[in-house]
Amino acid sequence: MRAGLPTPLFLLLASMGVQGIVRAADVGSLPEHLADTGLYESGSTSRLQADVLQFSPQYPLWSDGATKHRWIKLPPGTSIDAAQPDAWDFPRGTKLWKEFSLGDRVETRYIERGLDGIWRYASYVWNAEGTDAVLAPAGGIRDLPVPGKRYAIPAQDDCRACHEGAPVPVLGFSALQLSPDRDRQAPHADADAAKPLENLRTLAARGLLTRLPPELLANPPRIPAKNSTERAALGYLHGNCGHCHNDDGPLAVLEMSMAQRVGAKTPADSVIRSLAGITSQFRIPGGASRVAPGHPEASVVALRMRSREPREQMPPLGTSEVDIEAMSLIGKWIEGLSLQQ
């Protein structure tokens, strides 16, 4: 169990000097307890409801080494409209959960699309006994006492900052992320083949994914790349950076896209073109180009991924530890770029 995590949650918040505990009514009528969101069978915190489906993106977001499990639930009789392959339309009433564990469960993040069409975000914090998870304040928790770790619960505005920079607020559940043609070199990907994970074909077969272009079922999407290292590196950038750095969101003005599109008529190397040899607007010691082919030590993208200085680090939210495995992959890819020009 996690030592030092009081239960119930309000005792923790009070000890941290957090005033005005936010209840469900203050955050858009979200349930105060995770058990009331529809994830588990009644009276259980482990047995999933029968209509809850488990999935795992092939390019997961780095979360300081936390183990994660992810689920989705659609309202009965509904399906996801995938006519736009890069911007799926989720039915109203859709619910998704992502559980974070560091030995024991720490939090479960939750998003739902209300009947009004608005997406809502919440985090539920588990007690030390693992018997209940309670709605966190809308402002998040800056420093949750987890042994050996700095751990923060995101504010709802933090959730919006990441999720709403993409064409659809649902991240990690898309044509590329659920492709049956999975990238075996992707860092931190779920390697447990025994799990009943959903993919494009199983969702389509269930009737839960409709109007997906037939060619994406016949030939599942994969990132076009010159070699396996490049494919994995571009996939990592897509999963960790592309939800903000894309051609559709607020950062489109930077003309630096790391998002992979399966339905767009764009050159296969468009992501590399927006990075390699392009002068960075962000100044950081040692770096001038976004990506300097052959020189990861002079590439601003790599330098910012390695930094945990608040004004420099990328991603700016959700991590306080450097992803060493990914840094090795990105460095190897950048070193090889000079050989491919």
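So, here's what we can say about the structure. In this text the structure is predicted, and so the values were computed from the model without any measurement.

Focus on the nonpolar core
L237, M258, L275, V301, M305, I330 and W333 are the most contacted members of the largest nonpolar core, which has 28 residues in total. Counting residues per element, this core draws most heavily on helix α8 (residues 324-337), which supplies seven residues. Those residues in contact with M258 that sit more than four places away from it in its chain are L237, H238, C241, G242, H245, V271, L275 and V301. One finds L53, F55, V170 and L212 within the second-largest nonpolar core, a separate group that totals 24 residues.

Section: the packing of aromatic side chains
As enumerated under the stated definition, the model contains eight aromatic pairs in all. Centre to centre, the rings of W88 and F173 are 5.9 Å apart; their planes meet at 80°, and the pair counts as edge-to-face. Of this pair, W88 sits in the loop between β3 (80-81) and β4 (95-102) while F173 sits in the loop between α2 (156-163) and α3 (200-205), placing them 85 residues apart in sequence. An angle of 80° between the planes, with centres 6.2 Å apart, marks the rings of F90 and W119 as edge-to-face. With a gap of 29 residues between them, F90 in the loop between β3 and β4 and W119 in strand β6 (residues 119-126) connect regions that are remote in the sequence. Assessed through its relative accessible area of 2%, F90 is described here as buried.

Topic: α8
The terminal C-alpha atoms of α8 lie 20 Å apart, and with 14 residues this matches the ideal 20 Å at 1.5 Å per residue to within 8%. Within α8, the full set of buried residues consists of A326, M327, L329, I330, G331, W333, I334, G336 and L337. Those residues of α8 hidden inside the fold are in contact with α5 (228-241), α6 (270-273) and α7 (300-306).

Here's the deal with the side chain of S289
For S289, the location among the structural elements is in strand β12 (residues 287-289). Here S289 is in contact with G277, I278, T279, S280, A298, S299 and V300, once residues within four sequence places are set aside.

Brief notes about the sheet that holds strand β2 (residues 67-73)
Strands sit in the order β1-β2-β4-β5-β6-β7 across an open sheet of six strands; the sheet is antiparallel. The outermost strands of the open sheet, each flanked by one partner alone, are β1 (53-55) and β7 (133-135). With strand direction ignored, the average angle separating the axes of adjacent strands in the sheet is 25°. Direction of pairing for β1 relative to β2: antiparallel, over a ladder of three bridges. Each residue of the ladder has a partner; that of L53, found in β2, is I72.

Analysis parameters
Sequence order sets the numbering: in each chain, residues are counted from 1 along the sequence as written. For a predicted model such as this one, the threshold for reporting local features is a pLDDT of at least 70, and the threshold for listing and counting side-chain atom pairs is 80 or more; totals across whole chains, interfaces and linings nevertheless cover every residue. Side-chain calculation: all heavy atoms of the structure are included, whereas hydrogens and water are not. Here, nonpolar core means buried Ala, Val, Leu, Ile, Met, Phe, Trp, Tyr and Cys residues that are tied together by side-chain atoms lying within 4.5 Å of each other. Buried means the residue's accessible area, taken with a 1.4 Å probe over protein chains only, is under 20% of the maximum for its type, while exposed means over 50%, and partly exposed covers the values in between. Counting from the N terminus, the helices are DSSP H or I runs at least four residues long and the strands are E runs at least two residues long. We call two residues contacting when some pair of their heavy atoms lies within 4.5 Å. Aromatic pairing here means that ring centres of Phe, Tyr or Trp (its six-membered ring) are within 6.5 Å. Orientation follows from the plane angle: under 30 degrees is stacked, over 60 is edge-to-face, and everything else is tilted. Helix span, as expected, comes to 1.5 Å for every residue beyond the first. Any two strands with at least two DSSP-identified bridges between them are counted as paired. Inter-axis angles, ranging from 0 to 180 degrees, are taken between N-to-C directions of lines fitted to C-alpha atoms, where helices are fitted over the stretch in contact.

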